[in-house]
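# Understanding the architecture of this molecule
Each chain is listed here by its residues.
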Amino acid sequence: MTSTLRPISGPDELDLFNRLPYVLNDEIAADLAAGRRRPEWLWLALRGDRVVARAGWWSRAGDQHPLLMDIFDIDGDVDDGVRLLTTALAAVVPSGATPPEYGRFLPPDWRDHRRTRQPVEDRMEALHRVGAKLFVERLRLEWRRGTPIPAPGGRLAFRPVRDPDELIALMTLVLDGTLDAHGRDDLTRMTAEQAAREQYRQELARYASPHEWWRIATLPDGEPVGFVIPAHNGYNPIIAYVGVVPAHRGRGYIHDVLAAGTSLLAAQGVPRIRAATDVGNVPMAAAFARAGYSTFERQIEMIWQ
Ligand SMILES: CC(C)(COP(=O)(O)OP(=O)(O)OC[C@H]1O[C@@H](n2cnc3c(N)ncnc32)[C@H](O)[C@@H]1OP(=O)(O)O)[C@@H](O)C(=O)NCCC(=O)NCCS
């Protein structure tokens, strides 16, 4: 039997869409209500009344086009996934545009068991067949209330950011030698200054949480060493960005900078703080571990070029 490929008709079909389990299912109704998702971005492949694949896209509230493909499940064969993606991508992505990246949350040990590995490999194969390739695997990290935060070493002072240009200048320096895949990719297409300005404008400036939380770390004489951007992303308190400038790397300053950002959010009594870093960003992953963050999930990101 061939499958029917279509978007859901509206919120009344969310139960059908959510027949395939995924950690984001509980958020979809609120996302639809808040304009972060649209019914025409939530696609189903149905055989009879059985959901054999589904795909969904997300944006910031009110965006005209989706920013991320964050739902893709296959409960049939890989061909069902390929057919759904082919049809849905043509409808959701403006013609001539590159599809937005695909992101998938996975258990930290997903590779260790065939039961968790096979569905990931099936999804990745279907995505390969419609032109996507693996970009990076990331650690999703969480600090939970009550976890001790290492005391600051006393080597650095912290103050709020004076103006956007000061932060953008430090973000520009931090991109030099970064191990972060997105940062490195940006640098193949633009200068460090352009990439920093873009990240500031597209991401940091848009956080609705107070920008007064942002901290610049300095030596006692006032020389900036790095920065930390604690924020709230609408779902959770987060460490949105953190960095140490190249001239001061390798002295463990990241531990103090991260502890300052974590303490600032923890002092508000929040139940958890979320963060993420690339598997390959070893010094950053080590800093999160030392600050009391544990890896609760991993994330695969695939892109079209
Ligand atoms: C990741 C980062 C914050 C680490 O800061 P740091 O204060 O130098 O960290 P540490 O002093 O703990 O470094 C630990 C080790 O990693 C090495 N290291 C740190 N950053 C490195 C980098 N970008 N490339 C290669 N090695 C690096 C250090 O030299 C040190 O090596 P050693 O133990 O042999 O001396 C800093 O490299 C940075 O700002 N990177 C770019 C921005 C970034 O990735 N932010 C995180 C986004 S989630």
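Keep in mind the model is a prediction, meaning the values are calculated, not measured.

### Focus on the site of the ligand
Near the ligand there are 19 residues, and of these Val-242, Val-244, Gly-250, Gly-252 and Asn-281 occur at the shortest range. Backbone polar atom of Val-244 to an oxygen atom of the ligand: 2.8 Å apart, as the coordinates give it. Residue Arg-249 places a side-chain N or O atom 3.2 Å away from an oxygen atom belonging to the ligand. Its free accessible area being 880 Å², the ligand has 70% of it covered by the protein chains. Tallied by class, residues from the shell around the ligand come to 9 nonpolar, 8 polar and 2 charged.

### Brief notes about the packing of aromatic side chains
For the coordinates displayed, the defined rule picks out 5 aromatic pairs. Taking the centre distance of 5.0 Å and the plane angle of 70° together, the rings of Phe-288 and Tyr-293 count as edge-to-face. Relative accessible area serves as the criterion here: at 2%, Phe-288 is assigned to the buried category. Between Arg-54 and the ring centre of Phe-17, over which it is positioned, the NZ or CZ distance is 4.8 Å. Here Arg-104 stacks its cationic end above the ring of Tyr-22, 3.9 Å away from the centre of that ring.

### Some words on the nonpolar core
Residues Leu-167, Leu-204, Ile-239 and Tyr-293 are the most contacted members of the largest nonpolar core, which totals 48 residues. Counting residues in each nonpolar core, the second largest holds 30 residues, with Trp-57, Val-78, Val-82 and Leu-85 among its members.

### Some details on the pairing of strand β4 (residues 68–74)
Regular strands place their side chains on alternate faces of the sheet. Of all 7 residues in β4, 6 are buried; the element is thus mostly enclosed. For strand β3 (residues 50–58) and β4, the ladder comprises 6 bridges, and the chain directions are antiparallel. Residue pairing across strands places Ala-53 opposite Ile-74, the latter belonging to β4.

### So, the pairing of β3
Burial within β3 is extensive, with 8 of its 9 residues counted as buried. Note that strand β2 (residues 42–47) and β3 share 6 bridges and pair antiparallel. Bridge assignment links Trp-43 to a residue of β3, and that residue is Ala-55. Two successive antiparallel strands, β2 and β3, enclose a turn made up of 2 residues, where Gly-48 displays a positive phi of approximately 65°.

### Focus: helix α9 (residues 282–290)
Within the span of α9, buried status applies to Met-284, Ala-285, Ala-287 and Phe-288. The buried side chains of α9 occupy one side of the element, clustering within an arc of 160° when seen end-on. Within α9, the exposed residues directed more than 90 degrees away from the buried face are Val-282 and Arg-290. Contacts from the buried residues of α9 go to β6 (133–144), β10 (237–244), α8 (253–266) and β11 (272–278).

### Here we look at the domain arrangement of the protein chain
Here the protein chain is described as being made up of domain 1 (4–131) and domain 2 (157–297). Each of domain 1 and domain 2 has a C-alpha centre, and these two points are 30 Å apart. Residue-level contacts link 11 residues of domain 1 with 7 residues of domain 2. In total, domain 1 and domain 2 occlude about 670 Å² of area from one another, counting both sides; carbon and sulfur atoms represent 46% of this.

### As for the side chain of Thr-218
In this fold, Thr-218 is placed in strand β8 (residues 215–218). Those residues in contact with Thr-218, other than ones at most four positions away along the chain, are Arg-155, Leu-156, Ala-157, Arg-159, Glu-223, Pro-224 and Val-225.

### Things to note about the packing of α8 against α9
Contact geometry of α8 with α9 gives a least axis separation of 9 Å together with a crossing angle of 50°. Here α8 lies oblique to α9, going by the angle between them. Like other packed secondary-structure pairs, α8 and α9 cross with a definite hand, here right-handed. Across from Ile-254, His-255 and Leu-258 in α8, the residues of α9 making contact are Met-284, Ala-287, Phe-288 and Arg-290. Here the residues of the contact of α8 with α9 are counted per class, giving 5 nonpolar, 1 polar and 1 charged.

Cut-offs and rules
Residues numbered from 1 in each chain as written. Predicted model: local features only at pLDDT ≥ 70, side-chain atom pairs only at ≥ 80, totals over all residues. Heavy atoms only, no water. Near = heavy atom within 4 Å. Polar contact = N/O pair within 3.5 Å; in protein donor to acceptor, adjacent residues only side chain to side chain. Areas by Shrake-Rupley, 256 points an atom, 1.4 Å probe, with all protein chains shown as cover. Nonpolar A, V, L, I, M, F, W, Y, C, P; charged D, E, K, R; others polar. Phe/Tyr/Trp six-rings, centres within 6.5 Å; stacked < 30°, edge-to-face > 60°. Buried < 20%, exposed > 50% of the residue type's maximum accessible area, 1.4 Å probe, protein only. Lys NZ or Arg CZ within 6 Å of the ring centre and 35° of its normal. Core = buried A, V, L, I, M, F, W, Y, C linked by side-chain atoms within 4.5 Å. Helix = DSSP H or I, 4+ residues; strand = E, 2+ residues; numbered from the N terminus. Pairing = 2+ DSSP bridges. Arc of directions from axis to C-beta. Contact = heavy atoms within 4.5 Å. Domains from an automatic or database assignment. Buried area = accessible area lost by both parts, 1.4 Å probe. Axes fitted to C-alpha atoms, helices over the stretch in contact; angles between N-to-C directions. Parallel < 35°, antiparallel > 145°, perpendicular 65-115°, else oblique. Left-handed = near helix turned anticlockwise from the far one by under 90°.

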